[in-house]
Amino acid sequence: MENVKNIAVFASGFGSNFEAILEAVADHRLNANIALLVVDKPNCFAVQRAKNHHVPVFAFNPKDFSSKEEYEKLIIRKLEEYHIDWVALAGYMRLVGPTLLSHYEGRIINIHPALLPAFPGTHAIEKAYDYGVKIFGITIHYVDAGMDTGKIIAQAAFEKNENESVDEVETRIHQLEHEWYPKVLQQIINN
Ligand code: GRF
């Protein structure tokens, strides 16, 4: 295939969005090569998923480095080694620093389980639920130096049913994420 873009997915945990992206590639809904998984938690479940799909993994432990700049320089070396065009954050629980941001400017995307700018940061679903919001959703956005502050690319939403538990809402949010992240990646990277 000519000119297929290489994506690196960054994760820290369960990796269900990573899996959804891999499935979309396998089903030809996403024309891309998932060339690398980058994790800051070497034992996270996303690594197992990468092994199942024969995706190379770069795992690092931030504690082994004296600064974010130091480990991001190493990440960049890996990204270059795999000729990465785009970075898709999928549950990567760290702010991207200026080193990596400037190197991949405009080519790092994140998914967030709330309708930004509401509920940035961690535990967004629980926070929105406890706040009593009626409309839940997801946001896919470019990454900048802030916490979930980059330019919004796409949002999808649904209305919470009465008596729906937080777990049920969370399940629906993840379904939306798995549907929309590959779709948006397809649009962005192939345009
Ligand atoms: C997702 O809800 C994503 O929006 C958020 O972190 C979660 C990651 O889930 N940034 P998973 O690891 O992809 O299952």
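Notes on the structure in this doc start here. (Residues numbered from 1 in each chain as written. Predicted model: local features only at pLDDT ≥ 70, side-chain atom pairs only at ≥ 80, totals over all residues. Heavy atoms only, no water.)

## Details of the site of the ligand
- Taken together, the residues surrounding the ligand are Phe14, Gly15, Ser16, Asn17, Gly91, Ile111, His112, Pro113, His174 and Glu177.
- One nitrogen or oxygen atom from the main chain of asparagine 17 is found 2.8 Å from an oxygen atom belonging to the ligand.
- When the ligand sits alone it has 360 Å² of accessible area, and the protein chains cover 85% of it. (Near = heavy atom within 4 Å. Polar contact = N/O pair within 3.5 Å; in protein donor to acceptor, adjacent residues only side chain to side chain. Areas by Shrake-Rupley, 256 points an atom, 1.4 Å probe, with all protein chains shown as cover.)

## Here's the deal with helix α3 (residues 68-81)
- The terminal C-alpha atoms of α3, which comprises 14 residues, lie 20 Å apart, in line with the 20 Å expected from a rise of 1.5 Å per residue.
- Close packing links the buried residues of α3 with β1 (5-11), β2 (32-39), β3 (57-59), β4 (86-89) and α4 (98-103).
- After α3 finishes, the residue histidine 83 shows a positive phi value of roughly 50°. (Helix = DSSP H or I, 4+ residues; strand = E, 2+ residues; numbered from the N terminus. Expected span 1.5 Å × (residues − 1). Contact = heavy atoms within 4.5 Å.)

## Here's the deal with the packing of aromatic side chains
- This structure, assessed with the given rule, holds nine aromatic pairs.
- Here arginine 49 stacks its cationic end above the ring of phenylalanine 14, 4.4 Å away from the centre of that ring. (Phe/Tyr/Trp six-rings, centres within 6.5 Å; stacked < 30°, edge-to-face > 60°. Lys NZ or Arg CZ within 6 Å of the ring centre and 35° of its normal.)

## Description of the side chain of asparagine 17
- Looking at the element boundaries, asparagine 17 is found in helix α1 (residues 16-26).
- On the accessibility criterion, asparagine 17 (9% relative accessible area) is buried. (Buried < 20%, exposed > 50% of the residue type's maximum accessible area, 1.4 Å probe, protein only.)

## A word on a negative patch on the surface
- Together, Glu126, Asp130, Asp167 and Glu168 line one region of the surface with negative charge.
- Where the negative patch is concerned, the elements lending two or more residues are α5 (124-131) and α6 (166-189).
- Structurally, aspartate 130 can be placed in helix α5.
- By relative accessible area, aspartate 130 is classed as exposed at 68%. (Patch = residues over 30% accessible without salt bridge, like charges linked within 9 Å, V, L, I, M, F, W, Y side chains within 5 Å. Salt bridge = Lys/Arg side-chain N within 4 Å of Asp/Glu carboxyl O. Lys, Arg positive; Asp, Glu negative; His and termini not counted. Charge placed at Lys NZ, Arg CZ, Asp CG, Glu CD.)

## Some details on the packing of α5 against α6
- The N-to-C vectors of α5 and α6 enclose an angle of 130°; their axes lie 10 Å apart at closest approach. Here α6 runs oblique to α5, going by the angle between their axes. Classified by chirality, the crossing of α6 by α5 is right-handed. Residue-level contacts link Ile125, Glu126 and Tyr129 of α5 to Val166, Val169, Glu170, Ile173 and His174 of α6.
- By residue class, the composition of the contact of α5 with α6 is five nonpolar, one polar and two charged. (Axes fitted to C-alpha atoms, helices over the stretch in contact; angles between N-to-C directions. Parallel < 35°, antiparallel > 145°, perpendicular 65-115°, else oblique. Left-handed = near helix turned anticlockwise from the far one by under 90°. Nonpolar A, V, L, I, M, F, W, Y, C, P; charged D, E, K, R; others polar.)

## Considerations on the environment of histidine 178
- By the element assignment, histidine 178 lies in helix α6.
- With 95 residues separating them along the chain, histidine 178 and histidine 83 place their C-alpha atoms 25 Å apart.

## Here's the deal with the sheet that holds β4
- With respect to topology, seven strands assemble into an open sheet ordered β3-β2-β1-β4-β5-β6-β7, the strand pairing being mixed. On the outer flanks of this sheet lie β3 and β7 (152-159), each paired with one strand and no other. Going from strand to strand, the sheet's axes swing by 20° on average, the running direction of each strand aside.
- Alignment of β2 against β3, held across three bridges, turns out to be parallel. Bridge pairing in β3 places valine 38 opposite phenylalanine 58.
- Running at roughly 155° to β2, α3 makes contact with β1, β2, β3 and β4 of the sheet. (Pairing = 2+ DSSP bridges.)

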